[in-house]
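# Overview (structure and organization)
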Amino acid sequence: MGSLGQLPIWASKPCIMGIDEAGRGPVLGPMVYGCLYCARSYQKTLSTLQFADSKTLKEEKREELFEELKTNESIGWAVDVIDPRDLSAKMLKKTKINLNEISHNSAIGLVRKALDLGVLLTEVYVDTVGDPEKYRVKLSEIFPAIKFVVAKKADSLYPVVSGASIVAKVTRDRALRDWVLDETAENMQRNFGSGYPGDPETKAWLDHHKHGVFGFPTLVRFSWGTCNSYSKDNVEVLWESDANDEDESNGRASKRQVKLTDIGFTGVKRRSEDIESSGKGRCKFFQARKLELLSQF
């Protein structure tokens with residue numbers, strides 16, 4: 001949570017906060033929401049710190065400004081890093097949560113955490129997601145004591161949002177740079193480009209790292225439409241459903257479960273339960289996750 005660990009003295013006076021995100025569009029890596037807050041009396045000084053929309057700054061300048069604001073005792077900041085697996089899981093679950101709602105919840109969470117810490121927020125500036133007025137009304141209903149300003153391109157209009165933009169962008173860049181791939185395949189490599197769907201290097205990486213059964217590495221937001229074109233040749237696996245069990249109990253013939261071996265996918269045969277549970281001869285996907293065969297439930 002960045003500097004939201006200890007309440008500075010100035011935070012008990014009226015404060016402003018800016019909120020922005022980084023990584024909303026990419027098919028790879030996390031989406032990061034960042035906030036920056038300071039005393040309202042510090043607002044004029046804030047405008048002199050050369051903060052700008054992070055997209056207009058070179059990486060070296062963003063890193064420099066981020067390090068400066070981290071040591072500035074008149075500024076507080078925080079981030080919410082949303083894992084690509086969480087993004088996909090929420091967007092594909094039975095009761096789907098779309099990207100706008102995920103974004104709103106992240107921003108709301110940052111405001112709530114600052115308030116819980118004791119920061120006296122009186123004004124919050126937000127780079128909009130969706131309709132600005134509807135978003136403002138939503139936030140105002142949740143936090144009626146705070147004045148919200150929600151606008152398009154807020155990161156280029158308000159220095160406090162520009163600072164939040166830098167916090168979010170640098171945090172995401174570092175997360176990608178330091179990302180440790182969970183998968184253990186020998187041909188894994190990190191030359192994935194910018195992570196945006198239109199990047200040729202990203203496209204090549206996705207094509208190289210797709211798996212016919214297990215899909216993509218956990219770095220990938222597999223709920224993105226970009227991934228659909230890479231899934232055409234995937235092995236089709238049909239799982240036995242609860243409905244089949246019900247059909248059987250009612251005396252009706254149940255649908256046959258399609259096994260991997262029935263559709264041309266073969267592996268090392270299990271010689272014994274001991275060998276199976278030890279992980280020998282099994283796909284690295286299972287070995288890496290220490291999954292074991294259960295003969296009894």
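Before reading on, note that the structure itself is shown above.
Everything numeric here is computed off the predicted structure, so don't read it as measured data.

What follows concerns the overall build of the protein. A tally of regular secondary structure across the protein gives eleven helices and five strands. In the protein, which comprises 297 residues, the share counted as buried stands at 40%. Long-range contacts, defined as pairs at least 24 residues apart, comprise 68% of the intrachain contacts of the protein with a sequence gap of at least 6.

Using the criterion set out here, one finds twelve salt bridges in the structure. The closest approach of N and O atoms between Arg174 and Glu63, which form a salt bridge, is 2.5 Å. Taken together, the residues Arg174 in helix H7 (residues 159-177) and Glu63 in helix H2 (residues 59-71) connect sequence positions 111 residues apart. Its relative accessible area of 17% is what places Glu63 among the buried residues. Three or more residues are tied together by salt bridges with common partners; here these are Glu59, Glu63, Glu67, Lys70, Arg174 and Arg177.

In this structure, the second largest pocket encloses a volume near 620 Å³. In this structure, the second largest pocket is lined by 29 residues; those nearest its centre are Ala22, Gly23, Lys169, Arg172 and Tyr196. When contributions to the lining of the second largest pocket are tallied by element, the ones reaching two or more residues are strand S1 (15-22) and H7. Looking at the lining of the second largest pocket, its residues break down into seven nonpolar, eight polar and 14 charged.

Tracing the chain through its elements places Arg40 in the loop between strand S2 (31-39) and helix H1 (43-46). C-alpha separation for the pair Arg40 and Ala11, spaced 29 residues apart in sequence, amounts to 9.6 Å. If we skip the residues at most four places from it in the chain, Arg40 touches Pro14, Cys15, Ile16, Thr122 and Glu123. A polar contact is formed between the side chain of Arg40 and the side chain of Glu123, at a distance of 3.5 Å.

Further remarks concern the environment of Ser41. With respect to the secondary-structure elements, Ser41 resides in the loop between S2 and H1. For the pair Ser41 and Lys13, spaced 28 residues apart in the sequence, the C-alpha separation amounts to 9.0 Å.

Another point: H2. Here H2 contains 13 residues, and its C-alpha end-to-end distance of 19 Å stays within 8% of the 18 Å for a straight helix at 1.5 Å per residue. Every buried residue of H2 is accounted for by Arg62, Glu63, Leu65, Phe66 and Leu69. Here the buried residues of H2 occupy an arc of 165° about the axis, which is enough to place them on one side. Away from its buried face, by an angle of more than 90 degrees, H2 presents the exposed residues Glu60 and Thr71. Against the buried residues of H2 lie S2, strand S3 (75-82) and H7.

Most of strand S5 (residues 147-151) is tucked away: four of the five residues are buried. In the sheet, strand S4 (residues 121-127) pairs with S5 via five bridges, with the strands oriented parallel. For Glu123, the partnering residue across the bridge sits in S5 and is Lys147.

So, about the side chain of His104. By secondary structure assignment, the location of His104 is in helix H4 (residues 99-117). Excluding residues within four positions of it along the chain, His104 makes contact with Val129, Tyr135 and Lys138.

Here is what the cut-offs are and how they apply
Residues numbered from 1 in each chain as written. Predicted model: local features only at pLDDT ≥ 70, side-chain atom pairs only at ≥ 80, totals over all residues. Heavy atoms only, no water. Helix = DSSP H or I, 4+ residues; strand = E, 2+ residues; numbered from the N terminus. Buried < 20%, exposed > 50% of the residue type's maximum accessible area, 1.4 Å probe, protein only. Contact = heavy atoms within 4.5 Å. Salt bridge = Lys/Arg side-chain N within 4 Å of Asp/Glu carboxyl O. 1 Å grid on protein atoms, 1.4 Å probe; cavity = no way out; pocket = protein on both sides within 12 Å on 5 of 7 lines; lining within 4 Å. Points joined across faces, edges and corners; volume = space filled by probe spheres on them. Nonpolar A, V, L, I, M, F, W, Y, C, P; charged D, E, K, R; others polar. Polar contact = N/O pair within 3.5 Å; in protein donor to acceptor, adjacent residues only side chain to side chain. Expected span 1.5 Å × (residues − 1). Arc of directions from axis to C-beta. Pairing = 2+ DSSP bridges.

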